[in-house]
Every structure is written in structure tokens, then in C-alpha cells.
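Structural overview for review
Spelled out, the chains give:
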Amino acid sequence: MNYDIKDVSLSKRGKLRIEWASDNMPVLALIRERFSKEKPLAGVKTACCLHVTTETAVLMLTLKAGGADIVLCASNPLSTQDDVAASLVRDYGIPVFAIKGEDNKLYYEHLKAALDIDPDITMDDGADLVSTIHKEKKHIPLGGTEETTTGVIRLRAMELQGKLLHPIIAVNDAQTKYLFDNRYGTGQSTIDGIIRATNKLIAGSNFVVCGYGWCGRGCAMRAKGLGANVIIIEVDPFKALEAVMDGFLVMPIAQAAKIGDIFVTVTGDINVIRGEHFKVMKDKAIVCNSGHFNVEIDIPALQKMSKKRRIIRDFVEEFVTSDGRRLYVLGDGRLINLAAAEGHPAQVMDMSFANQALSAEYMKKNYKKLEKKVYKVPEDIDRRIAELKLASMGIKIDRLTAEQKKYLASWEMGT
Ligand code: NAI
């Protein structure tokens with residue numbers, strides 16, 4: 001078996017951590033149980049480009065139980081958990097190509113190694129795998145799935161330009177994904193990453209969140225809960241209004257740059273924090289990103305205006321500007337929740353990855369009907385996952401009565 005990981009001897013710790021995650025993923029456990037009987041993915045070669053975490057390992061075991069031949073590479077150079085990669089290789093015989101801290105060259109070599117299996121299905125997080133496939137004009141017989149907002153945006157752009165070569169299911173856009181993973185997952189794990197990296201007190205700090213989408217809401221909500229003064233930066237008037245009425249201060253980044261203690265970008269956009277903003281930041285301001293790519297903070301601009309640069313703690317880089325201020329960038333501007341912490345908790349990935357597993361099964365069954373488009377996760381799959389998750393939490397909800405169904409489908413009855 002070919003693989004490229006840091007150190008296979010880390011497997012013991014990885015195996016225990018995978019077990020811990022697995023115990024917190026009851027919906028995926030049900031799917032795995034059914035998959036191991038029905039083998040809906042028998043012989044389907046599946047190339048997965050996902051963050052190599054304990055939760056991803058549980059998804060890999062689920063796909064394997066369903067009969068898929070899988071290979072895994074990282075969807076970010078800094079998000080790999082090396083012990084998990086080791087356990088997948090040694091304990092479960094799953095080929096992995098991922099090393100935490102790999103450079104861009106090795107990152108793309110690993111993507112290409114995953115594509116060597118000539119996949120039938122791809123599973124992407126950020127669309128790097130699919131864009132590589134498109135550059136190399138590889139044929140994907142069944143199609144692919146996409147995990148995150150940024151990936152879906154890229155794939156929709158490809159579809160619009162008529163460049164998409166195979167169907168994609170946008171897992172990100174399932175309600176059981178973005179409402180929970182992006183909001184509660186990113187919210188908690190981003191704060192976790194900042195705290196693990198810096199050990200700073202959040203209470204009383206001016207905490208600036210750039211982007212009030214699903215991830216931004218989560219970060220703002222959790223920072224508020226810890227006692228921060230939360231400031232929101234937006235470009236969308238609806239989101240900005242929502243932030244105002246959720247009780248946050250809203251202002252342009254140029255203004256917030258002068259007063260922020262901690263800055264987090266979660267926009268999926270480019271150069272949100274730039275040189276002109278670094279120029280006015282306070283001494284000891286902390287800047288990090290939780291959006292998919294490391295392009296939201298203009299680190300080269302900060303480098304240009306700095307006279308010194310050093311790593312002061314794990315995942316904390318100090319830049320001393322020419323006027324003597326110290327500014328700190330966390331995790332090279334890469335997803336801080338995965339660089340310095342462990343990514344989203346398993347309970348939330350349970351739903352995201354249930355969508356991945358069931359979307360792969362759906363694609364295998366229905367690929368002949370699918371066009372070269374970006375599709376939503378079918379509504380019945382999304383709903384079923386919500387129902388299973390509630391059941392796993394021991395929570396029951398009401399059902400519409402026959403009378404209520406009729407009433408809600410009618411227009412005749414008024415006051
Ligand atoms: P979203 O589309 O719901 O929100 C993005 C928000 O950023 C929008 O409200 C938009 O108006 C705003 N925005 C865009 N440009 C801006 C600018 N220059 N200044 C201020 N605001 C701006 O997207 P979502 O789901 O919140 O995802 C955001 C990013 O986080 C994406 O890159 C996504 O892939 C990534 N992501 C990261 C995760 C993680 O584990 N860290 C998990 C899930 C998503």
C-alpha cells in the first residue's frame with residue numbers, strides 16, 4: 001500500500017482518539033451499520049480530500065464499510081492530525097497522503113497521489129481536488145461532493161462558465177450541515193484554536209469578527225458568551241442589520257482596526273485585513289483566520305512593514321513593525337480551528353459526514369440522471385439526518401395533525 005504520512009508509530013494515540021470521535025457520531029454509526037450489510041459503495045474508488053481529523057477517520061471507516069476503495073489526502077497543509085493518519089494506515093489499511101505542516105508543493109503532490117487511483121467519486125473540502133482534476137482533464141465517472149462554502153462557490157463559478165466536467169453534490173448547502181457545522185462547529189472550535197494558541201483572556205477584549213455569515217455568527221456568539229465586546233465587519237446590508245439587532249457593534253474594518261484586540265476573518269474573501277489596517281492596529285493585536293483559504297489576511301503586506309518576525313509560541317508568529325508595534329498572526333493565517341485546535345467537535349461532524357456518506361450512496365445510485373451541475377443534497381436525506389440526530393439525542397418532536405396539514409395547505413379559512 002502506498003502512503004505518505006509523518007510517522008506510522010503515532011497510530012496508538014490516533015486509534016484511541018478515533019474511537020472517542022466515533023462514540024460521539026451516532027448517526028454515522030447507524031449509516032455504517034447499514035452500509036456494512038448492504039455494501040452500497042462496493043468497488044467504488046473514492047478519492048477524499050478532507051481535513052485529516054478523527055471525525056474524517058470515522059467517515060473513512062463508514063465508506064470502507066460500504067465497500068468503497070478509498071484514499072485520503074489533506075484539504076489544508078496545516079490541518080492534518082498525524083496520529084490519525086498513522087492509525088488509518090496501520091490499523092485500518094487506508095492509504096493516506098498528508099503530513100501536518102507540508103508545504104504547498106507536497107500538498108499538491110499528495111492530491112495527485114490520491115488521484116492516482118482514478119477515482120469514480122471525489123469528496124472535496126475547498127474544491128482543490130476537483131480543480132486539479134479539471135486542470136488535468138481527468139474523467140470522473142460518477143461525480144463528486146463538496147464540503148465547504150468556499151468550495152461550493154468555486155464549483156458554482158465553474159458551472160456558470162460551463163467548465164464543470166461532472167456532477168457535484170454541495171454537502172455544505174444541506175441544512176443539517178451549514179446550520180450546525182458552520183455555525184456551532186466553527187464558532188466553538190475557532191475560539192478553542194485562539195485560546196489554545198494564545199492562552200489569552202477573551203473576557204473584556206475587543207473581538208472583531210469579519211463576516212457575519214454562518215461561521216461568523218458562531219464565532220460572534222461564542223466570543224460574546226465569553227464576555228468579549230464583539231464588533232462585526234460586513235459588506236452585506238442584511239447581514240450587517242442582523243448583526244446590529246443581535247446586539248453587536250457594526251463598523252468598517254478601517255475603524256475596527258484601531259480598537260480591536262483579537263481579529264478573526266471568516267468571509268471566504270480575499271485581503272479582508274490589509275496593510276492599511278495593520279498600520280493602525282494597537283500594539284499586541286492578534287489576527288487570525290477561520291475561513292477556508294489563507295488569503296483573508298494580507299500577511300505579505302504585514303511582512304513588508306515589519307522589521308522582525310519570530311515564532312513566539314506554537315502557532316503564534318510575532319511581527320514587529322518598523323514603528324515598534326508587535327502584531328501576532330496565528331497559524332500562518334490558515335484555519336485556526338484546525339491549525340491550533342482539533343477542528344469541529346464530533347457531534348456536529350456527525351451530521352456533516354452523514355451527508356457525505358449518504359450523498360456518495362445517492363450519487364452511486366443516480367449518477368446516470370445527474371448532469372454537469374452543482375446539486376443540493378436531496379431534501380429527504382437532509383431531513384432524515386435531522387430526525388436521526390434528534391433521535392440519537394433522545395429528543396422527540398410533534399407531528400402535524402391531519403387537520404393542521406389540511407389547514408396549512410388551504411387558503412379559504414381566515415379569521
Ligand atoms: P457565508 O457565505 O455564510 O458568510 C460569509 C460572509 O462574509 C457573508 O455574510 C459575506 O457578506 C461576508 N463578507 C464577504 N466579504 C467580506 C468582506 N470583505 N468584509 C466583511 N465581510 C465580508 O459563508 P460561511 O459558511 O460563513 O463560510 C465562511 C468561510 O469559512 C468560507 O471560506 C468557508 O469555506 C469557511 N468555513 C470554515 C470552516 C472551518 O472549519 N474553519 C467550517 C465551515 C466553513
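Residues numbered from 1 in each chain as written. Predicted model: local features only at pLDDT ≥ 70, side-chain atom pairs only at ≥ 80, totals over all residues. Heavy atoms only, no water.

Description of the overall build of the chain
Assigned secondary structure in the chain consists of 17 helices and 15 strands. By its C-alpha atoms, the chain is 70 × 65 × 45 Å across when sized along the principal axes. A burial count over the chain gives 56% of its 415 residues as buried. With an accessible surface of roughly 19200 Å², the chain has 54% of that area assigned to carbon and sulfur atoms. (Helix = DSSP H or I, 4+ residues; strand = E, 2+ residues; numbered from the N terminus. Buried < 20%, exposed > 50% of the residue type's maximum accessible area, 1.4 Å probe, protein only. Areas by Shrake-Rupley, 256 points an atom, 1.4 Å probe, with all protein chains shown as cover.)

Description of the layout of surface pockets
One way to see where empty space is left: roll a probe the size of a water molecule over the atoms. Within this model, the largest pocket holds a volume of roughly 1000 Å³. In terms of lining, the largest pocket is formed by 50 residues, of which the most central are Thr149, Cys215, Val266, Thr267 and Gly268. Every element with two or more residues in the lining of the largest pocket is listed here: helix H3 (54-65), helix H7 (149-160), helix H8 (175-198), helix H9 (214-225), helix H14 (336-339) and helix H15 (346-366). In terms of residues, the lining of the largest pocket owes the most to one element, H8, which gives 5 residues. Of the residues belonging to the lining of the largest pocket, the class tally is 18 nonpolar, 20 polar and 12 charged. (1 Å grid on protein atoms, 1.4 Å probe; cavity = no way out; pocket = protein on both sides within 12 Å on 5 of 7 lines; lining within 4 Å. Points joined across faces, edges and corners; volume = space filled by probe spheres on them. Nonpolar A, V, L, I, M, F, W, Y, C, P; charged D, E, K, R; others polar.)

Describing the site of the ligand
The ligand sits among 27 residues. The nearest are Thr148, Thr149, Thr150, Glu234 and Ser290. Here an oxygen atom of the ligand sits 2.7 Å away from a polar atom, N or O, in the side chain of threonine 148. Between an oxygen atom of the ligand and a main-chain N or O atom of cysteine 215, the distance comes to 2.9 Å. For the ligand, the accessible surface in isolation is 860 Å², of which the surrounding protein chains cover 87%. Taken atom by atom, the bulk of the ligand overlaps the largest pocket. For the shell around the ligand, the secondary structure elements donating two or more residues are H7, H8 and H9. A per-element tally of the shell around the ligand places H8 first, with 3 residues. Its residues assigned to classes, the shell around the ligand shows 8 nonpolar, 14 polar and 5 charged. (Near = heavy atom within 4 Å. Polar contact = N/O pair within 3.5 Å; in protein donor to acceptor, adjacent residues only side chain to side chain. Sits in = over half its atoms within 2 Å of the grid points.)

A closer look at the sheet that holds strand S1 (residues 45-49)
Spatial strand order, S3-S2-S1-S4-S5-S6-S15: 7 strands in an open sheet with parallel pairing. Looking at which strands have only one partner, the edges of the open sheet turn out to be strand S3 (96-97) and strand S15 (374-376). Note that S1 and strand S4 (residues 121-124) share 4 bridges and pair parallel. Paired with threonine 46 across the bridge in S4 is isoleucine 121. (Pairing = 2+ DSSP bridges.)

Topic: a nonpolar patch on the surface
Where nonpolar side chains cluster on the molecular surface, the patch consists of Leu241, Val244, Met245 and Val250 and spans about 380 Å² of accessible area. Broken down by element, the nonpolar patch gets its largest block of residues, 3 residues, from helix H10 (residues 237-245). On the secondary structure map, methionine 245 appears in helix H10. You can call methionine 245 exposed: its relative accessible area is 69%. (Patch = residues over 30% accessible without salt bridge, like charges linked within 9 Å, V, L, I, M, F, W, Y side chains within 5 Å. Salt bridge = Lys/Arg side-chain N within 4 Å of Asp/Glu carboxyl O.)

A short note on the pairing of strand S2 (residues 69-73)
Counting buried positions along S2 yields 4 of 5 residues, so the element is predominantly enclosed. The handedness of the S1 to S2 crossover, carried by H3, is right-handed. Bridging between S2 and S3 involves 2 bridges; their strand directions are parallel. Within the sheet, the bridge partner assigned to cysteine 73 lies in S3 and is phenylalanine 97. (Right-handed = clockwise from strand over helix to strand, strands pointing away.)

Some words on the side chain of aspartate 382
Residue position: aspartate 382 is located in helix H16 (residues 379-392). Aspartate 382 has contacts with Ala174, Gln175, Thr176, Asn355 and Val377, leaving out every residue within four places of it along the chain. (Contact = heavy atoms within 4.5 Å.)

A few points about the state of the cysteines
Enumeration according to the criterion identifies 0 disulfides in this entry. Here cysteine 48 stays free of any disulfide, with the sulfur of cysteine 73 as its closest cysteine sulfur at 8.3 Å. Classification of cysteine 48 by relative accessible area gives buried; the value is 0%. The cysteine cysteine 210 is free of any disulfide, with cysteine 288 supplying the nearest cysteine sulfur at 9.8 Å. Classification of cysteine 210 as buried rests on a relative accessible area of 0%. (Disulfide = S-S within 2.5 Å.)

Thoughts on H16
Between its first and last C-alpha, H16 extends 20 Å over 14 residues, near the 20 Å set by a 1.5 Å rise per residue. Turning to H16, its buried residues number three or more, namely Ile381, Asp382, Ile385, Leu388 and Lys389. When H16 is viewed along its axis, its buried side chains cluster within an angular range of 130° and face the same direction. What points out from H16, more than 90 degrees from its buried face, is the exposed set Glu379, Asp380, Arg383 and Ala391. (Expected span 1.5 Å × (residues − 1). Arc of directions from axis to C-beta.)

Treat this as a map of the structure, not an account of what it does.
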